[in-house]
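Given next are the chains, with one letter for each unit.
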Amino acid sequence: MKNRFAWWPWALAALGLAWALSSLLPRRDTGFHIREFGRLPVLLNGRVQPFDSVARNNLLQLRNKQTVHIENERSLPAMNWLLDAMLRPEQAGKLKVFRIDHPELLALLKLDPNEKHFSFEQLQPSLEEVENQARRVDQKQAAERNAFERQTMKLFQGLLLYRRLLNSLRPESLDDPAADLEAYRQAIPDGIAAVHDRQAGKDFNEENLNRLMAHLQRFEPVSRFAYPLIIPPLDPAKSRDAWENIGTSLMEAARQGEIHPAARAYATMATAYRKGDTNGFNQALANYQAWLAQALHHEVRKAKAEGLFNQFQPFYQATVLYVLAFVFACLFWVRMSENVRRAGVLLLWTALLIHTFGLVFRMVLEGRPPVTNLYSSAVFIGWGAAVLGLILERFFRVGLGTAAGAGTGFVTQIIAHNLAIGGDTMEMMRAVLDSNFWLATHVITITMGYFAAFVAGFLGVFFILLGLFTRNLAGPMVQAIGRMIYGIICFTILFSFIGTILGGIWADQSWGRFWGWDPKENGALIIVLWNAIILHARWGGLVRESGLAVMAIFGNIVTAFSWFGVNMLGVGLHSYGFMDTGFYYLMFFILTQLLLMGLGMLPANCWRSLEDTGTTVASRIRLAALALSAVILALGYLVQFQLWFCLLACLILAAFLGIAHRLACPPTDQQQPQTA
Amino acid sequence: MLDRAYQALTSLRLTVVLLALATVIVFAGTIAQVDQGLYQAQARYFRSLLIYWSPAGSSLKFPIFPGGYLVGGLMLLNLLAITIRRMKPLRDHLGLWMVHAGMILLLLGQLFTDLFSVESAMPLNLGETKQYSEDFHANELVVIDASDPREDRVVSLPESRVAQGGTLDVPGTPLRLRVKQYWANAEILDQTTANALPTGADKGVGLGRFVLARPPTPRMEERNVPAAILELTAGPAPLGTWLASSLIGVPQEFSHDGKTYRLAMRPKRHYTPHSLTLLDLKHDVYKGTDIPKDFRSRVRIQDPKTGEDREAVIYMNNPLRYGGATYYQYQMAASGPVKSSTLQVVRNPSWLTPYLSCLLVGLGLTVQFLSHLVKFVREKAT
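Computed from a predicted structure; not experimentally measured. (Residues numbered from 1 in each chain as written. Chains lettered and ligands numbered in written order. Predicted model: local features only at pLDDT ≥ 70, side-chain atom pairs only at ≥ 80, totals over all residues. Heavy atoms only, no water.)

Draft legend 1. Quick peek at the overall build of chain B. When helices and strands are counted, chain B shows six helices and 19 strands. Taking 21 Å as the expected radius of gyration for a compact globule of 382 residues, we find that chain B reaches 27 Å, considerably beyond that expectation. Looking at the 382 residues of chain B, the share that counts as buried comes to 42%. Within chain B, counting contacts between residues at least 6 apart in sequence, those at least 24 apart form 52% of the total. Total accessible area on chain B stands at roughly 20400 Å², and carbon and sulfur atoms take up 59% of it. The positive charge centre, built from 40 side chains, and the negative charge centre, built from 32, are 9 Å apart in chain B. (Helix = DSSP H or I, 4+ residues; strand = E, 2+ residues; numbered from the N terminus. Rg over C-alpha atoms; globule rule 2.2 N^0.38 Å. Buried < 20%, exposed > 50% of the residue type's maximum accessible area, 1.4 Å probe, protein only. Contact = heavy atoms within 4.5 Å. Areas by Shrake-Rupley, 256 points an atom, 1.4 Å probe, with all protein chains shown as cover. Lys, Arg positive; Asp, Glu negative; His and termini not counted. Charge placed at Lys NZ, Arg CZ, Asp CG, Glu CD.)

Draft legend 2. How the structure looks around the sheet that holds strand S12 (residues 237-245) of chain B. Residue and element names in this part refer to chain B. Read across the open sheet, the four strands follow the order S6-S7-S11-S12; overall the sheet is antiparallel. At either margin of the open sheet sits one strand with a lone partner, and together these are strand S6 (166-169) and S12. The average angle at which neighbouring strand axes cross in this sheet is 25 degrees, direction not considered. (Pairing = 2+ DSSP bridges. Axes fitted to C-alpha atoms, helices over the stretch in contact; angles between N-to-C directions.)

Draft legend 3. Local environment of a nonpolar patch on the surface. Residues and elements named next belong to chain B. A cluster of nonpolar side chains, namely Tyr 6, Leu 49, Leu 50, Tyr 52, Leu 70, Leu 74, Leu 77, Leu 80 and Ile 84, defines an oily patch on the protein surface of about 780 Å² accessible area. Structurally, the position occupied by Ile 84 is in helix H3 (residues 68-85). According to the relative accessible area criterion, Ile 84 is exposed, its value standing at 65%. (Patch = residues over 30% accessible without salt bridge, like charges linked within 9 Å, V, L, I, M, F, W, Y side chains within 5 Å. Salt bridge = Lys/Arg side-chain N within 4 Å of Asp/Glu carboxyl O.)

Draft legend 4. Broad picture of helix H19 (residues 400-419) of chain A. In this model, H19 of chain A (20 residues) spans 28 Å end to end at C-alpha, consistent with the 28 Å of a helix rising 1.5 Å per residue. Burial runs high along H19 of chain A: 14 of the 20 residues are buried. (Expected span 1.5 Å × (residues − 1).)

Draft legend 5. Molecular detail of the interface of chain A and chain B. Across the boundary between the two partners, chain A contributes 53 residues, which contact 53 residues of chain B. When chain A packs against chain B, close to 4900 Å² is buried across both sides, 69% of that on carbon and sulfur atoms. Interface area lost by chain A to chain B is led by Phe 395, Phe 497 and Trp 517 of chain A, which between them contribute 13%. Remark: the boundary between chain A and chain B carries three salt bridges. Where Arg 321 of chain B meets Asp 508 of chain A, a salt bridge forms, and the shortest distance between an N and an O atom there is 3.9 Å. On the surface where chain A and chain B come into contact, there are nine residue pairs in polar contact (both at pLDDT 80 or more). Secondary structure elements with two or more residues in the side of chain A that touches chain B: helix H21 (475-511), helix H22 (519-539) and helix H23 (545-568) of chain A. At 14 residues, the largest contribution of residues to the side of chain A that touches chain B is made by H21 of chain A. Taken together, the residues that form the side of chain A that touches chain B break down as 36 nonpolar, ten polar and seven charged. (Buried area = accessible area lost by both parts, 1.4 Å probe. Polar contact = N/O pair within 3.5 Å; in protein donor to acceptor, adjacent residues only side chain to side chain. Nonpolar A, V, L, I, M, F, W, Y, C, P; charged D, E, K, R; others polar.)

Draft legend 6. Structural detail: the packing of H21 of chain A against helix H6 (residues 353-381) of chain B. Viewed as axis vectors pointing N to C, H21 of chain A and H6 of chain B meet at an angle of 160 degrees, and their least axial separation amounts to 10 Å. By the angle between their directions, the pair H21 of chain A and H6 of chain B is classed as roughly antiparallel. Like other packed secondary-structure pairs, H21 of chain A and H6 of chain B cross with a definite hand, here left-handed. Residues Arg 483, Tyr 486, Cys 490, Ile 493, Leu 494, Phe 497, Ile 498, Ile 501, Ile 505, Asp 508 and Gln 509 of chain A of H21 of chain A form the contact with H6 of chain B, whose participating residues are Pro 354, Tyr 355, Cys 358, Val 361, Gly 362, Leu 365, Thr 366, Phe 369, His 372, Phe 376 and Glu 379 of chain B. Residues belonging to the contact of H21 of chain A with H6 of chain B are distributed by class as follows: 15 nonpolar, four polar and three charged. (Parallel < 35°, antiparallel > 145°, perpendicular 65-115°, else oblique. Left-handed = near helix turned anticlockwise from the far one by under 90°.)

Draft legend 7. Fine view of the sheet that holds strand S9 (residues 197-198) of chain B. An order of S8-S10-S9 (chain B) is seen for the three strands of this open sheet, with the pairing classed as antiparallel. Of all strands in the sheet, those bounded by a partner on one side alone are strand S8 (186-189) and S9 of chain B.

Draft legend 8. Region of interest: the pattern of salt bridges. Counted under the stated rule, the structure contains 43 salt bridges over all chains. Across the pair Arg 56 of chain A and Asp 52 of chain A runs a salt bridge, and its minimum N-O distance is 2.9 Å. One end of the pair, Arg 56 of chain A, and the other, Asp 52 of chain A, are both in helix H3 (residues 51-63), four residues apart, so they sit about a helical turn from each other. Exposure remark for Arg 56 of chain A: the relative accessible area of 17% places this residue in the buried category. The exposure class assigned to Asp 52 of chain A is buried, which follows from its relative accessible area of 11%. Asp 114 of chain B is paired through a salt bridge with Arg 47 of chain B; the nearest N and O atoms lie 3.1 Å apart. Of this pair, Asp 114 of chain B sits in helix H4 (residues 94-116) while Arg 47 of chain B sits in the loop between helix H2 (12-46) and strand S1 (50-53), and the two are 67 residues apart along the sequence.

Draft legend 9. Spotlight on the confidence of the model for chain B. Per-residue confidence for chain B averages 86 on the pLDDT scale, and 97% of its residues sit at or above 70. Predicted complex, confidence summary: ipTM 0.83, pTM 0.86. (pLDDT = per-residue confidence, 0-100.)

Draft legend 10. Inspection of the environment of Leu 243 of chain B at higher detail. Residue and element names in this part refer to chain B. Positionally, Leu 243 belongs in strand S12. Along the sequence, Leu 243 and Tyr 182 sit 61 residues apart, while their C-alpha atoms lie 9.9 Å from each other. Apart from the residues lying within four places of it in its own chain, the contact partners of Leu 243 are Ile 188, Thr 199, Ala 201, Gly 206, Val 211, Ala 227, Ala 228, Ile 229, Ile 248 and Gln 252.

Draft legend 11. Spotlight on the confidence of the model for chain A. Residue and element names in this part refer to chain A. Within chain A, residue pLDDT values average 87, and 95% of them lie at 70 or more. Within the model, pLDDT remains below 50 along residues 573-578, and this stretch shows 15 contacts once partners closer than five positions in the same chain are excluded. Scored below 50 in pLDDT, residues 668-676 makes 14 contacts in the model with residues more than four places away or belonging to other chains.

Structure (structure tokens):
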């Protein structure tokens, strides 16, 4: 029969694509050309980036979001906030950009415990208190600080950062930077003459000298505080790296006798912005852009491209599409309609397309292979999982590949989003990692091992949930999922092994030690060992499909430990970031996986797909298992998923499984509690 | 009996058990690094036959788990036995054969590396020439007979010998040492503090100073500073009591019977026939940050044996391989009055094995899984 409604999955996917691409459409600035200003190149973290990235990354660090929420109004883009902070601090000071979660810190600073975000004005009375506390905390090693101390330190650093941003375009107190700059320009020749006279021991004009010194004294703190380096090199052919911050450039002007054109341009824009002179601002901006285009077209292009990337936010769009694809894949199991399944597949294709586009865009921007840090590894894992999911779906048209690909894609994008809160995700590579060859080989293969392991684990979860709670896991289905898991585990071990060995070879190349038992190396080794265990157990006939599923879920734990857990230990060469909130989520994840494994180990005749007749014992055990899992999770939430609790949960789970086996398999029954 | 042992050795069940044990050991050894440091955790979990546990405050040791060497060794036997007995003919299972051969090579190579590789450091000040590198952990007590103006005669006694205490003869000299006291890690103080002990030395640097014992450091990047109080005699004649510590930079001199001797505790030295001179060093960071961008040392290699005399540049990911050793850029002090660069020196006769085994296993797995995949795709297509 012809499928009359075959068009709608395609239409849905096209709609998704159109929505994602719509963010690429050029947008016009009305009033001040703030978006254009955001595309100006500056140098920060050792790399040229647009002002917009500075704004977004710093706002992320302060309030975990890329926009500022204002009650009853549209949220303010990061660039608008930054421009206000730099030029109208009296207004920016009212915006709630500091996020504080810890109740003790809120109490200490006498802030409303029901709120999370605070403005600089609200914090101003307690600046001294924060500083005193931070000074005390600073004495302690990072790993020994408790949650309160870490939050205090974070707030202190946030305030410092804010202070630096305030001084990044002009000295903080200056009302009319353009006029002041003009006065400075006029003061330079006479002032310098006075300095020379004094050095030569001649009579000198004290008034001229003091006038110059007054300017320099204002610039000096700015040269120490100003954060991004906004003044480009005058002679880029000589040194492309010779960017300066505004303070240093202005101090330097006294020596050169001339003020840098960029400094003049920024001063004009600053004055115009403060006065609300839209035309003046836009004109000065256009002039400066024309000046930049003469010698720094490479930097201008890079900043524009990155600005476009920021606007596009491909990974965010992909995340939304992953969720949709996942929902349709799950709906398929309820409705069993081919159109629903196809909608899921097509949406996953769309998501993957956007994701790929973002990935390649980022690679070109950075001039690097896709994975350079933890953030980009998360982005890449999501991408790989989607690819693998689509391949699986191609061979087994049962919606599982889509679900696994979209599910893993979604979760890893969420993880990536949270990792981005740390700041600039395109930071420069330190010397030891600065090798595109090894980044492209070792890092990519090892990350491919990660995503394959997660997809296998995801399928394991599906196997158990479908088998236990639905009647859908019939004979051929059991084998199909079993084969999928098996195939992906083969893939995992291939890439994990090669990746691990390549890592060893890189280590041998860079510090002469093939294997140093570094935590990250050990993590990778554990993945290889665990997958080898799974494969040998299967080859030796020790496990069958359900056992394979349970083991694959444990693979999730192993992989998460290797990917994240070892970084939290804070030792070794790979400990590039000690994440404390991450630990909480990791333990949560591990606990859920353990519970799922527990469910998977329920006796065979408790599985809804496998029970002959709906016995009451079986369904009661199932229900009890679900209830127990829910209780453990709830209790875990209360005690913040601490390690001891997870261990205790394992013991309870084991006891429960023991009882379940006694109840479900009477002693007269010699049959092994083996599913399938 | 033998037959059953052989049966057990060739079972996949044993493989699974061994792999599981290895997983547990690697996991435990990783977690243990947080408290015990890499070096100690490595020795306890990976370079051991059995892992011992002692109750807190007791000197009793109970073996509680097989160690890395035991599990690794059994794994190797299991692997060999299975390869010999169970594997199908080479033609059908080329992939599996390659994987197993590669694994055997990897395990053996790592065992050899563990046993025979030597890592040391060569700190060089700008312009300095050295013919030796210093061990990262081991120390030695040296007595140098400096009476010959052309060359010194060095007698080296390993720290482990000094740690045993007692008296020992210094070979080739009439000198005899008695170790009065020894500390694996200790500070030398000018003034006394709580828990500090007077050195009791009546000669040399230790005179009037104090020793403060410290617990041995678990940190990989730190080293212990051993100290010892040594009483020297020559025949019946007592020469005095000295303090030796690797904190004391310059050897302490004394004479006996018209000969000049020097005494020093120092990091163990590994001498090479060739010498390295640090000609230049460079340390770049990314503009406006302290992220290291590039650090490199330009050195001159001189080998009187081969007559070789050339320059080489060593930087991150680009080591120098010369005379059986490999020199890596390790640390650098590019600012300050004395610029210096430290090279890591590694001698590892089996450094090539991982390259080969990676190739074998990688190819083997690819062949194996590709053949499965092709079969599967064909099956699906029909």
